[in-house]
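Commentary on secondary and tertiary structure
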Amino acid sequence: MNLTIHQTYLPQDDPDAALAFYRDALGFEVRNDVGYNGMRWITVGPAGQPDTSIVLHPPAADPGITDEERRVISEMMAKGTYAAINLATEDLDGLFEKLQEGEIEVVQEPTDQPYGVRDCAFRDPAGNMVRIQQAK
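Note that the structure is a prediction, hence the values are computed from the model and not measured.

Thresholds applied
All residue numbers here refer to positions counted from 1 along the written sequence of the relevant chain. Where totals are concerned, whole chains, interfaces and linings use all residues; where local detail is concerned, this predicted model gives features only for residues with pLDDT of at least 70, and gives and counts side-chain atom pairs only at 80 or more. Just so you know, side-chain values use all the structure's heavy atoms and leave hydrogens and water out. To qualify as a helix, a DSSP run of H or I must reach at least 4 residues; to qualify as a strand, a run of E must reach at least 2; elements of each kind are numbered from the N terminus. The size measure is the radius of gyration over C-alpha atoms, and the globule rule it meets is 2.2 Å times the number of residues to the 0.38 power. Between buried and exposed lies partly exposed: a residue is buried under 20% and exposed over 50% of the maximum accessible area for its type, with that area taken using a 1.4 Å probe on protein chains only. Residue contacts are defined here by distance: any two heavy atoms, one from each residue, within 4.5 Å place the two residues in contact. Here the accessible surface of atoms and residues is derived via Shrake-Rupley with a 1.4 Å probe, and residues count as covered only by protein chains that are part of the display. Each pair of aromatic rings taken from Phe, Tyr and Trp, with Trp reduced to its six-membered ring, is defined by centres within 6.5 Å and is described as stacked if the planes are under 30 degrees apart, edge-to-face if over 60, and tilted in the remaining cases. When DSSP finds two or more bridges between a pair of strands, those strands are recorded as paired. Orientation is described by axes fitted as lines to C-alpha atoms, over the contacting stretch for helices, and by angles from 0 to 180 degrees between their N-to-C directions. The patches reported here contain residues having more than 30% relative accessible area and no salt bridge. Joining distances are 9 Å for like charges and 5 Å for nonpolar side chains (Val, Leu, Ile, Met, Phe, Trp, Tyr). Put simply, a salt bridge is a Lys or Arg side-chain nitrogen that is within 4 Å of an Asp or Glu carboxyl oxygen. Charged residues are defined here as Lys and Arg on the positive side and Asp and Glu on the negative side; His and the ends of the chain fall outside this count. Charge positions come from single atoms, namely NZ of Lys, CZ of Arg, CG of Asp or CD of Glu. The quantity known as pLDDT measures the predictor's confidence residue by residue, on a range of 0 to 100.

Looking only at helices and strands, the protein chain features three helices and eight strands. The secondary structure elements of the protein chain, listed N-terminal to C-terminal, are β-α-β-β-β-α-β-α-β-β-β. Relative to the compact-globule value of 14 Å for 136 residues, the protein chain shows a C-alpha radius of gyration of 16 Å, a close match. Principal-axis analysis of the C-alpha atoms places the extent of the protein chain at approximately 40 × 35 × 35 Å. Within the protein chain, the proportion of its 136 residues that are buried is 39%. Sequence-distant contacts, at least 24 apart, represent 44% of the contacts inside the protein chain between residues at least 6 apart. When the accessible surface of the protein chain is summed, it comes to about 8,300 Å², and 49% of that surface belongs to carbon and sulfur atoms.

This part takes up the packing of aromatic side chains. For the structure on display, the rule yields three aromatic pairs. Site record: aromatic cluster; members linked through ring pairs are F21, Y22 and F28.

Bringing unusual backbone geometry into the picture now. The phi dihedral of N37 falls on the positive side, at around 50°, and the residue is not glycine. One can find N37 in the loop between β2 (29–36) and β3 (39–45).

What follows is about the sheet that holds strand β6 (residues 105–112). Strand pairing in a sheet is mediated by backbone hydrogen bonds. Such pairs are either parallel or antiparallel. With respect to topology, four strands assemble into an open sheet ordered β5-β8-β7-β6, the strand pairing being mixed. The open sheet terminates on both sides in strands that have one partner only, identified here as β5 (84–89) and β6. Here the average twist between neighbouring strands, direction ignored, is 15°.

What follows concerns a negative patch on the surface. A cluster of acidic residues, E90, D91, E97 and E101, forms a negative patch at the surface. Within the element layout of this structure, D91 appears in the loop between β5 and α3 (92–100). For D91, a relative accessible area of 45% puts it in the partly exposed group.

With that settled, consider the confidence of the model for the protein chain. Per-residue confidence for the protein chain averages 93 on the pLDDT scale, and 100% of its residues sit at or above 70. When mean pLDDT is compared element by element in the protein chain, strand β4 (residues 53–57) scores highest at 97, while helix α2 (residues 67–79) scores lowest at 91.

Moving on, we get to helix α1 (residues 15–25). For α1, the full list of buried residues reads P15, A18, L19, F21, Y22 and A25. Downstream of α1 by one or two residues, G27 has phi in the positive range, about 85°.

Bringing the sheet that holds β3 into the picture now. Pairing in this open sheet of four strands is mixed, and the strands run β1-β4-β3-β2 from one edge to the other. In this open sheet, the two edge strands, each paired with only one partner strand, are β1 (7–11) and β2. The sheet shows a mean angle of 20° between the axes of neighbouring strands, taken without regard to direction. As paired elements, β1 and β4 share five bridges and run parallel to each other. Looking at the pairing, L10 lines up with L56 of β4. Across the sheet, α1 touches β1, β2, β3 and β4, and the angle it forms with β3 is around 5°.

In structure tokens:
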């Protein structure tokens, strides 16, 4: 059996800010941008990897979510504890410098971790933790 990661989902509460981060700052391609009832689902992914995508979705669009659950999701997003993604690059320090040129919230500068990776961390506009590690 051969499994691949096709899509993963991250919440976004401001589609234009999400595009500015994932497309403009990180350089991902926009693969789809779908609107429905005032909400937008945006699919992005790395160039040259058409089978791997991130779907940036409205966080509480599921009709089965209660108002209380929506409130908790909003609070967790505001604290940056709701969702995260780990990415990798061959030039961590160069990417870090490029990202610092924008108005991106830095959580951690490039650091050699005791568990064997060198990484840094940012928050995207919705508060999601984005960790980027040096590819080996």
